[in-house]
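Structural overview for review
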Amino acid sequence: MTRKSKSSGRQPTLLVDSEVVRRIRQHARSCNKTEVCGVLIGQDREGVVEVEASITGLNAEEAGAHVTFTQDTWEHIYKVKDKEFPDHRIVGWYHSHPGFGVFLSDHDTFIHRNFFSSPGQVAWVFDPHSDEEGCFGWVAGRIERLSQIAVVDLRGGEQADESGKPEPSFSSKEDPKKPKQLGEARASSEGSNDSSLQRLVFNFFSYLSVFLLGLLLAWYVFPRVIVMQIPVDPQTGQPLSGSAVDSNAGGPDDHGPTDQTTENPKGSGANGRASETNGNGAKGENAQPK
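Attention in this report is confined to the structure presented alongside it. Since the structure is predicted, the reported quantities are computational estimates derived from the model, not experimental observations.

1. Remarks on the sheet that holds strand β9 (residues 142-145)
Strand order in the open sheet formed by eight strands is β9-β8-β7-β6-β2-β3-β1-β10, with mixed pairing between adjacent strands. Taken across any chain shown, the strands that pair with only one partner, and hence form the sheet edges, are β9 and β10 (149-152). Sheet twist, expressed as the average angle between the axes of neighbouring strands with direction ignored, equals 30°. With four bridges joining them, strand β8 (residues 132-139) and β9 adopt antiparallel strand pairing. Its bridge partner lying in β9, F136 is registered against R145. The sheet contacts of helix α2 (residues 71-84) involve β2 (37-45), β3 (48-56) and β6 (89-96), and relative to β3 the element is tilted by about 115°. On top of the sheet, helix α3 (residues 106-115) reaches β6, β7 (122-127), β8 and β9; it is set at about 170° to β6, its chief contact.

2. A few points about α2
Here α2 contains 14 residues, and its C-alpha end-to-end distance of 20 Å stays within 8% of the 20 Å for a straight helix at 1.5 Å per residue. Listed as buried for α2 are T73, W74, I77, V80 and K81. The buried residues of α2 occupy an angular sector of 135° when the element is viewed end-on, so they sit on one face. Opposite the buried face of α2, by more than 90 degrees, sit the exposed residues Q71, K79, D82 and K83.

3. Regarding the nonpolar core
Nonpolar side chains tend to gather and get buried jointly when the protein is soluble and globular. Counting 21 residues, the largest nonpolar core has V39, F69 and F116 as the members making the most contacts within it. Counting residues per element, the ones that place at least two in this core are β2, β3, α2, β6 and β7. With 18 residues, the next largest nonpolar core counts L14, V20, L40 and C135 among its residues.

4. A closer look at the pattern of salt bridges
Here the structure, examined in full by the defined rule, presents six salt bridges. Close ionic contact of E144 with R142 constitutes a salt bridge, the shortest N to O distance being 2.5 Å. Bridged by salt links that share partners, the residues E19, R22 and R23 form one connected network.

Analysis parameters
Starting from 1, residues in each chain are numbered consecutively following that chain's sequence as written. Reporting of local features is limited, given that this is a predicted model, to residues whose pLDDT is at least 70; pairs of side-chain atoms are given and counted only at 80 or more, and all residues count toward the totals for whole chains, interfaces and linings. Hydrogens are left out, water is left out, and the side-chain values use all remaining heavy atoms of the structure. Strand pairing is assigned whenever DSSP detects at least two bridges linking the two strands. Elements are defined by DSSP. Helices are runs of H or I of four residues or more, strands are runs of E of two residues or more, and each kind is numbered from the N terminus. For helices, the fitted line uses only the C-alpha atoms of the stretch in contact; every axis is such a line through C-alpha atoms, and the angle between N-to-C directions lies from 0 to 180 degrees. The criterion used for residue contact is that any of the two residues' heavy atoms lie within 4.5 Å. Multiply 1.5 Å by the residue count of a helix minus one, and that product is the helix's expected span. For each residue, the accessible area found with a 1.4 Å probe, counting protein chains only, is set against the maximum for its type, and the residue is called buried under 20%, exposed over 50%, and partly exposed in between. Note that the arc is defined by the directions from the helix axis to the C-beta atoms. Only buried residues count toward a nonpolar core, which is a set of Ala, Val, Leu, Ile, Met, Phe, Trp, Tyr and Cys residues joined through side-chain atoms within 4.5 Å. We define a salt bridge as a side-chain nitrogen of Lys or Arg found within 4 Å of a carboxyl oxygen belonging to Asp or Glu.

Set out below in structure tokens:
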């Protein structure tokens, strides 16, 4: 495509069909991470660019920061244009900038200068993340952002009774089904609530059973400490007669030579002297009182 002279020093006026804008936004939002592209179809008439349709750029090299029209992309574009828009021309192109605003990068400027160099060709940019959009065109040999943009409805002017579409209505056979469907919805909602309550009760008793079983196992497995209260004489500190400890186990006062020694200190001393006399032999005999 040869580059034509751009002698006009004022911005062209851009008229874009609202349906074209909707299609561009829909295409860009279908790929929120990579750029997409397409061409604009319409007419260029003495400083007024009219965009009436668009063609999606299939098989383009799409990336996160740039997009490139391939040979397959151009073949698809011209095939659709010759079939559906034979009396129109390509008046520009569009592409998306997912998440980084509306501008023309160096790569975008290269595409516009080499493939859309006619004075009546524009570049539409849309950011699907922020919904920001704008258009760039040729002004005195430079590429500038256009300020005179109008989104129009090309179907405007139609009378309301010429649409040929009847009012949406329901037949009498379908009306009785509405209460039935509503009742079925309520029944299903009540059934779901009952099932939820049953699950809640089942879970509660399940956890309670597991808790009780754990207590029972702990009762048999772990040792238990039994504390007995035994009456004690406050003066002597000994258990009172008739208690379980006094009847079952003999105390130190009842049995054993140690207790007898404690109660009979004099006897113990006599025994000690006797042992000392016996152990000394003759000395013991001399120790007898005269």
